Amino acid sequence: MNLEGKTFVIMGVANRRSIAWGAARALDQMGANLVFTILNERFRRELEKLLDDLEGNHDIVVECDVQDDEQIASAFEEIGAKTGGIDGLLHAIAYAGKDELQGGYSETSREGFKNALDISSYSLAIIAKNAKKIMNEGGSIVTMTYLGGERAMPNYNVMGIAKAALDASVRYLALDLGADGFRVNAVSAGPIRTLSSSAVGEFKSVMKEMEERSPLKRNVDQLEVGNTVAFLLSDLASGITGEVVHVDSGYHVMA
Ligand code: NAD
Ligand code: IMJ
């Protein structure tokens, strides 16, 4: 796939293991220009180390905490001014308090619920609002979701509710932004060892079950997810919007 001359914003690289970094590598291989946003300046040095591995153009790294409306607005103004317009964006951001990801969902605090849904679900809407102002014709937005938003899974708890709200946001944003010709989709990845998953209790057994029960009888990796993200960001997917594509070895079809 050739993405030369296209510019995409990648939100959510924390380190080499991040799913967003898998997407960055895939898009870079296809010749795209990349812009990165980071949670805060503490992530800049880590990202700059990774950027040496990329072939193409990737000079712009902007701070963007999705809980800060003003920072989001100024980040996208800066990106618009420096790029002259973007062709798409990957949102690969989620967070819930550690305590909420163990024990039962009924123990979730009001504050924990608000925080998880603010960062993991609402953020896609406000990012879409700001990104559409600088998006070129045919622009595409992709977010990352998980099967725990469709099914009840041990420990995923409030993140499952946040992913259900994120999946619904994809459909409503697809309707809203469709009027301008923009597309909005999600990629539902199988379990992958990253900063956000390795801290999780019983993660090993989730990976093992995937190997034993999924149709492909194996786990997926960041690059496979990244290739699907690149497809959805590209014009090859010009007729697809409001969709959740599962990159999970087919695990979700099993009873
Ligand atoms: P990761 O920890 O590498 O990425 C999460 C990112 O979210 C980090 O870069 C972090 O800085 C960012 N973030 C958190 N709070 C933020 C805020 N307030 N503002 C801006 N950025 C913020 O982990 P990952 O596994 O690559 O997660 C990326 C996405 O993929 C998440 O949405 C996650 O739910 C989803 N996902 C992960 C898996 C998995 O098994 N790893 C499976 C399916 C979906
Ligand atoms: C997360 C929690 C419980 C079970 C889980 C996960 N399984 C998988 C994940 C089975 C695959 C990873 N995932 C899909 C996520 O969306 C993770 C989100 C997340 C992870 C953490 C860990 C550290 C922390 N807060 C977090 N917030 C969100 O403090």
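Residues numbered from 1 in each chain as written. Chains lettered and ligands numbered in written order. Predicted model: local features only at pLDDT ≥ 70, side-chain atom pairs only at ≥ 80, totals over all residues. Heavy atoms only, no water.

**A look at the site of ligand 1**
If you check the shell around ligand 1, you find 26 residues, and the closest are Ser18, Ile19, Ile192, Thr194 and Ser196. Interatomic distance of 2.9 Å between a backbone N/O atom of glycine 12 and an oxygen atom of ligand 1. Burial of ligand 1 by the protein amounts to 93% of the accessible area it has alone, namely 830 Å². Only strand E5 (135–145) and helix H6 (195–198) provide two or more residues apiece to the shell around ligand 1. Take the shell around ligand 1: its biggest share by element is 3 residues, from H6. Taken together, the residues that form the shell around ligand 1 break down as 17 nonpolar, 7 polar and 2 charged. (Near = heavy atom within 4 Å. Polar contact = N/O pair within 3.5 Å; in protein donor to acceptor, adjacent residues only side chain to side chain. Areas by Shrake-Rupley, 256 points an atom, 1.4 Å probe, with all protein chains shown as cover. Helix = DSSP H or I, 4+ residues; strand = E, 2+ residues; numbered from the N terminus. Nonpolar A, V, L, I, M, F, W, Y, C, P; charged D, E, K, R; others polar.)

**Structural notes on the pairing of strand E1 (residues 7–11)**
Of all 5 residues that make up E1, 5 are buried, and the element is covered over most of its length. Where burial is concerned, the two faces of E1 agree: the one with Thr7, Val9 and Met11 and the one with Phe8 and Ile10 are both buried. Taken together, the 5 bridges between E1 and strand E2 (residues 33–38) define a ladder with parallel strand orientation. Residue pairing for E2: phenylalanine 8 is matched across the bridge by leucine 34. Crossover E1 to E2 through helix H1 (residues 19–29) is right-handed. Relative to strand E4 (residues 86–91), E1 runs parallel, the two being bridged by 4 bridges. Opposite isoleucine 10, over in E4, you have leucine 90 as the bridge partner. (Buried < 20%, exposed > 50% of the residue type's maximum accessible area, 1.4 Å probe, protein only. Pairing = 2+ DSSP bridges. Right-handed = clockwise from strand over helix to strand, strands pointing away.)

**Describing the nonpolar core**
If you look at the biggest cluster of nonpolar residues, it comprises 36 residues, and the most contacted ones within it are Phe36 and Val225. Elements with a minimum of two residues in this core: E1, H1, E2, helix H2 (44–51), E5, strand E6 (183–189) and helix H8 (222–233). Discounting residues that sit within four places of it in the chain, valine 225 has contacts with Ile19, Met144, Val187, Ala189, Ile192, Val220 and Val247. Val35, Ile119, Met135 and Leu166 belong to the second-largest nonpolar core, a separate cluster that totals 32 residues. (Core = buried A, V, L, I, M, F, W, Y, C linked by side-chain atoms within 4.5 Å. Contact = heavy atoms within 4.5 Å.)

**A look at the pattern of salt bridges**
Taken as a whole and assessed by the stated rule, the structure comprises 8 salt bridges. We note a salt bridge from aspartate 53 to arginine 16, for which the minimum N-O separation is 3.2 Å. You can see aspartate 53 sitting in the loop between H2 and strand E3 (60–63) and its partner arginine 16 sitting in the loop between E1 and H1, a full 37 residues away along the chain. Judged by relative accessible area, aspartate 53 falls into the partly exposed class, the value being 47%. One salt bridge connects lysine 49 with glutamate 46, and the closest N-O pair in it is separated by 3.5 Å. Taken together, the residues span about one helical turn, with lysine 49 and glutamate 46 both in helix H2 at a distance of 3 residues. Glutamate 46 gets classed as partly exposed once you look at its relative accessible area, which sits at 28%. (Salt bridge = Lys/Arg side-chain N within 4 Å of Asp/Glu carboxyl O.)

**Concerning the packing of helix H3 (residues 69–83) against helix H4 (residues 110–131)**
Following both chains from N to C, one finds H3 and H4 inclined at 35°, their axes separated by 9 Å at the closest point. In the packing of H3 onto H4, the handedness of the crossing is right-handed. Taking contact as the criterion, the partners of Asp69, Ile72, Ala73 and Phe76 in H3 are, on H4, Ile126, Ile127, Asn130 and Ala131. When grouped by side-chain class, the residues that make up the contact of H3 with H4 number 6 nonpolar, 1 polar and 1 charged. (Axes fitted to C-alpha atoms, helices over the stretch in contact; angles between N-to-C directions. Left-handed = near helix turned anticlockwise from the far one by under 90°.)

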